[in-house]
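Coordinate analysis (summary)
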Amino acid sequence: MQLTVWTYEGPPHIGAIRIAASMRAVHCVLHAPQGDTYADLLFTMIERGEHRPPVSYTTFKARDLGTDTAELLKTRVRETYDRFKPDLLLVGEACTAELLQDQAGTLAESMDLPVPVVPLELSAFSRQENWGASETFYQVVRRILQQQVPPPGSAPRASVRERCAGRRPTANLLGPTSLGFRCRDDVVEVARLLDSIGVDVNLVAPLGASPVDIARIPQADFNCCLYPEVSLATSSWLERMFKQPTVKAIPIGLNATRDFLGEISTLTGIDVGTALAAGASRLPWYSRSVDSTYLTGKRVSIFADATHAIAAARICAEELGFKVVGLGTYSRELAREVRAVAAHYGIEALITDDYLEVETQVAGLHPELVLGTQMERHIAKRLGIPCAVIGAPHHIQDCPARYAPQMGFEGTNVIFDTWVHPLMMGLEEHLLTMFRGDFEFHDEAQDSGQWTVVSGQGNEQVTMSGGQADQSAAASNQPATDHQPPTTAWSPEAERELKKIPFFVRGKARRNTELFATERGIQMITVETLYDAKAHFGR
Amino acid sequence: MSGTIPASVGALPEILRESGQCEVFCGLSSIVWLHRKMHDTFFLVVGSRTCAHLLQSAAGVMIFAEPRFATAILQERDLAGIADCHDELDLVVNRLLARRADIRTLFLVGSCPSEVIKLDLHKVAERLTSAQQGRVKVLAFSGSGLETTFTQGEDQCVAALLPELPRPRSGERNLLVLGTLADVVEDQFNRLFDALGIGPVHFIPGTDTQSFPPIGDGTNVLFAQPFFNETAGLLAARGAHLLSAPFPFGVEGTLTWLKAAARAWGVTDAQFEGVTAGPAGRAHGSLARYREVLAGRRITFLPDSQLEIPLARFLHRECGVELLEVGTPYLDRRAMQPELDLLPPGVRLVEGQDVDRQLDRVAAERPDLTVCGLGLANPLEALGLPTKWSIELVFTPIHGFEQAADLAELFARPLIRSQRLKV
């Protein structure tokens, strides 16, 4: 048994639903007990979906267990087909149904429906959401393309350059899904990027693709595996079966976008020099301009899905001049890749799905910026550290109305703004002395603004999604609510000296000094201790 | 059951029973408000990753500190018998309690998978309680979707608490109010009961699981929430008198609910009138503004919290709302009879659910307002059908005189909003 406070990923059947919800003309039937329909609200609330996700549930109850749950499944499959008339039906089991061993997929396959039925084996008690999405996508693609696989001994597929002689090359964008981080906008940005170098998009899948579209996958000259968590298994299979090459670079960040174009150039022979030169990224200049100097060496802790964590580390180190002090992922399937990147930055990767472990690490690293998921946003808020969300799981406010891709050149602009803004207070670092003691510029002058945080008992706070949604930015000035009471005392002089520090960094100075004192067994914090701590934590 | 249940049950309106896909939460979701109410408790779900995922996403709630609920996720090795579930659970509980010295009561909450593998959490709870030597009380209840729908989790939780409640000294009488209420609402009711000379009054669940009120044949029970089927049976078995009344929503509901207790305490009509006239009048007046918005509007309740029937009664009788369809996941006749007596004849009552057919009816009838779960709200709004999230009705203080207008406002707001928007 695994003690879990928050979970980064849902169970694998949520991944299956994400594939169904991404596609057109596909419906998923899940053998699942009453209550599992909660999954619908992930799509309709977090992404503000205008339609229910295409999934039907058996919603069996205790009284059904005494009768025939298999029959209930068959009824639901038949009713679902009759009502929704999908071109392809996915049939799987949520955790409890797996224990019943009704063999939902096989049972549905035997029903002679007039459309393909793809049975899903989701291993609810050992796998998680992204694996479920990857497996479902792979099974769908394999089922539809199986008959097109060239028999052994067929003539080898021509190289991309040969195939594309006299026409624009075409690519499939594989991996974007519903509930994936910014997939909606990434797809647009990458299509635009490809168009700028003379490459057409054959199709995007699973997002927006129908089974008929999936059948056209082999027509493309190559695949772009944009989100390996979801599409690596599929693109590897396509590479093996159809000899369709995969572009593996993921265009998140300026240098990664250059690599992405470079990889396509090698594959197709297209000269991407003009596109690179014209690249509409303001990041290089924004990063080089003098007021970004304060970003130098900012300590950053990164934890997310592997794709976004790896990209973030490179952007931080190479493009923003930060120092990566922590890097980790919950994507166990891609742990090796994340470990390699961490080693490159001289740190050890944290591979875990235990939120408490991540929290302990973040607290211990004393970062100045946290890049993470919704979970890390909560950790950062509690610790009073600026934070930006870089990957799923994310909240409703991370699905913005505006165009906000992470990929391509526009993605670099979005990233510069969203990662640097939480640090903006630092912009005034050189003005601090000037404003020190200013009558309008002190802690009592803080405007609580329009945000409402419902204060509960102890140190817990609740906010509702949608309505009074989580307002994490608001708390960055608030002192962290640590569990342990301080064991050290402040001398009056040290307390007075602390007051001279601007209010928005005072909380951090206090915490750091107390930590410094506690670690050294100092009972009374003096002015000396304060400056010793400053020297210790300073760069 | 106790003799206080009306011998002759009134006429029941025609009830349509539907079965099919149910779009409801399971009882685990009750933990979200139960842990807020009971400050010294921890809720450990013994279940799957689905349970953990449901808890953090279904209620749409995130708690910024370490919350007082968690999931012990069953894994392959637990199911394959490689690991002994009891040993594993001991480890998890010990780790948990070591972190949280403030916990006095730990609830082990059963889930669909724990029920299917027949893990006896009551037995585990007994063993852990004795191992804790009085430091922490460990209790068990089921929040599984196999057994419970949404609010029934609270029923199961309170039922698990009952054996802990002491018996009163003979001749001692008290009033027990059942159902999670906001602290401010408890205070309001306390003042009213005080003025009526009714007492002592106890609320379950309360904030402190260390001091339980006594329960016995001197206890009168008022239900503040309509979903206490299991608990009601246990209370009756302990000799408590279950007061039959509509639920305290709106002016009428609150008046008749208080009246039931007043009658049991022999409060005179004059005294009752004297105490309640002021707040009832004030509530009635503050409702006027929303009655204007709501009167003549057509509403459909999809089944969810079991609050549907009492709220439909309030909206119809006090706000002039027309009831198209009132769905309920489960109809508890004993609890609901006083409410059913107040519903207009011919109202379409639906017990159970076939969500697709129900949504067909909603699409055909186009209600002015549909009360539904979070999963369905945006898809209905996208069809131009205003909705009210039902979950807000269990999180927001809506009971009693002072909240009557707030309750009406919850339903009026989507209507006012759709009138305002010009996009």
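Residues numbered from 1 in each chain as written. Chains lettered and ligands numbered in written order. Predicted model: local features only at pLDDT ≥ 70, side-chain atom pairs only at ≥ 80, totals over all residues.

Across the boundary between the two partners, chain A contributes 57 residues, which contact 55 residues of chain B. The set of elements that each furnish at least two residues to the side of chain A that touches chain B consists of strand 1 (2–4), helix 2 (39–46), strand 3 (55–57), helix 3 (62–65), helix 5 (95–100), helix 18 (374–383) and strand 16 (461–464) of chain A. Top element by residues in the side of chain A that touches chain B is helix 2 of chain A. It accounts for five residues. Residue composition of the side of chain A that touches chain B, by class: 22 nonpolar, 24 polar and eleven charged. (Contact = placed C-beta atoms within 7 Å. Helix = DSSP H or I, 4+ residues; strand = E, 2+ residues; numbered from the N terminus. Nonpolar A, V, L, I, M, F, W, Y, C, P; charged D, E, K, R; others polar.)

Here we come to the domain arrangement of chain B. All names here are of chain B. As assigned here, chain B comprises domain 1 (27–148), domain 2 (174–271) and domain 3 (285–420). A straight line from the C-alpha centre of domain 2 to that of domain 3 covers 25 Å. Looking at the side of domain 2 that touches domain 3, the elements that each hand over two or more residues are helix 8 (183–196), helix 9 (229–237) and helix 10 (250–264). In terms of residue count, the dominant contributor to the side of domain 2 that touches domain 3 is helix 10 (five residues). Looking at the side of domain 2 that touches domain 3, its residues break down into 16 nonpolar, six polar and one charged. (Domains from an automatic or database assignment.)

Look at the link from Ala205 of chain A to Pro206 of chain A: it is a cis peptide, with omega at 0°. Structurally, the position occupied by Pro206 of chain A is in the loop between strand 7 (200–205) and helix 10 (211–214). Positive phi is not limited to glycine here, since Lys85 of chain A has a value of about 45°. Structurally, the position occupied by Lys85 of chain A is in the loop between helix 4 (69–84) and strand 4 (88–93). For Lys85 of chain A, a count of 11 C-beta atoms within 10 Å gives the class exposed. The phi dihedral of Lys118 of chain B is positive, around 55°, even though this residue is not glycine. (Buried ≥ 20, exposed ≤ 12 C-beta atoms within 10 Å, placed from the backbone.)

This part takes up the sheet that holds strand 12 (residues 350–351) of chain A. Residue and element names in this part refer to chain A. Ordered in space as 12-11-10-13-14, the five strands form an open sheet in which the pairing is parallel. Only two strands of the sheet have a single neighbouring strand rather than two, namely strand 12 and strand 14 (387–389). The pairing of strand 10 (residues 299–304) with strand 13 (residues 369–372) spans three bridges and is parallel. The partner of Val300 across the bridge, within strand 13, is Leu369. (Pairing = 2+ DSSP bridges.)

This part covers the sheet that holds strand 1 of chain A. Strands sit in the order 1(A)-4(B)-2(B)-5(B)-6(B) across an open sheet of five strands; the sheet is mixed. Looking along the sheet, the strands with just one partner apiece sit at the ends: strand 1 of chain A together with strand 6 (137–142) of chain B. If you compare each strand with its neighbour and ignore which way they point, the axes differ by 25° on average. With six bridges connecting them, strand 5 (residues 105–110) of chain B and strand 6 of chain B associate as parallel partners. From the neighbouring strand, Gly110 of chain B faces strand 6 of chain B, where its bridge partner is Ser142 of chain B. On the sheet, helix 4 (residues 85–99) of chain B packs against strand 1 of chain A together with strand 2 (41–47), strand 4 (69–73) and strand 5 of chain B and is oriented at approximately 155° with respect to strand 2 of chain B. In this fold helix 7 (residues 152–161) of chain B packs onto strand 5 and strand 6 of chain B, with an angle of close to 140° to the strand it touches most, strand 6 of chain B. (Axes fitted to C-alpha atoms, helices over the stretch in contact; angles between N-to-C directions.)

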